[in-house]
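One-letter residues, chain by chain:
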Amino acid sequence: MIFLVLVGIVATIVIVLNMMDNSNLEKIEKYFKDKNCKNITYSKGTYKAICGDELVEIPNSFEVDIKEDKKRIKLKNIKKLDDKTLTIIINDDYEIEFKDKQNKENFYKNLKDQLDK
């Protein structure tokens, strides 16, 4: 009987966490869709995208607050762009990390193309 109660509690926790995660994903997707963002990439716990004239990075966590949690950099403020193995360094002080080299290269290429416009 105790075993069934424990299994029920664990199952409830898993279901609640899954619902919270889906809710967060919907908020992030809606934000990117509303801003007409391009090249949306998920890596190392954050969503990265180029949205019009800015680069946006939103961390995926239990509580996502789009207004407070996102990091934005205007493309016109990017003076220097360095390409490291799995990291893009912007203006020597802001790093965007990637888990996969292919994702990083695609994002870097699209960012570079936006900057060259």
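Residues numbered from 1 in each chain as written. Predicted model: local features only at pLDDT ≥ 70, side-chain atom pairs only at ≥ 80, totals over all residues. Heavy atoms only, no water.

K.L.:
Lay out the side chain of Glu57 with the relevant residues and their values.
P.N.:
Within the secondary structure, Glu57 is located in strand S3 (residues 54-59). At 2.3 Å, the side chain of Glu57 and the side chain of Tyr94 are in polar contact. Apart from residues no more than four positions distant in its own chain, Glu57 is found in contact with Thr46, Tyr47, Lys48, Asp69, Lys70, Lys71, Tyr94 and Ile96. (Helix = DSSP H or I, 4+ residues; strand = E, 2+ residues; numbered from the N terminus. Polar contact = N/O pair within 3.5 Å; in protein donor to acceptor, adjacent residues only side chain to side chain. Contact = heavy atoms within 4.5 Å.)

K.L.:
Could you give an account of the state of the cysteines, with specific residues and numbers?
P.N.:
Taken as a whole, this structure holds one disulfide when the rule is applied. Between the sulfur atoms of Cys37 and its disulfide mate Cys51 the distance is 1.9 Å. Taking the torsion about the sulfur-sulfur bond, which here is approximately 105°, the covalent link between Cys37 and Cys51 counts as right-handed. One end of the pair, Cys37, is in the loop between helix H1 (2-34) and strand S1 (38-43); the other, Cys51, is in strand S2 (residues 46-51), and 14 residues separate them in sequence. Judged by relative accessible area, Cys37 falls into the buried class, the value being 11%. (Disulfide = S-S within 2.5 Å. Buried < 20%, exposed > 50% of the residue type's maximum accessible area, 1.4 Å probe, protein only.)

K.L.:
Give me the lowdown on the sheet that holds S2, citing residues and values where you can.
P.N.:
Spatially, the four strands line up as an open sheet ordered S1-S2-S3-S4, and their pairing is antiparallel. Edge positions in the sheet fall to S1 and strand S4 (71-74), since each has one partner strand and no second. On average, adjacent strands in this sheet sit at an angle of 15° to one another, irrespective of strand direction. Where S2 and S3 come together, six bridges link them in antiparallel fashion. When the sheet's bridge partners are listed, Cys51 is paired in S3 with Glu54. (Pairing = 2+ DSSP bridges. Axes fitted to C-alpha atoms, helices over the stretch in contact; angles between N-to-C directions.)

K.L.:
Which residues make up unusual backbone geometry, and what values do they have?
P.N.:
Excluding glycine, residues mostly carry a negative phi; peptide bonds, for their part, are mostly trans. Although it is not a glycine, Asn39 sits at a positive phi angle of roughly 55°. Residue Lys44 is not a glycine yet carries a positive backbone phi of 55°.

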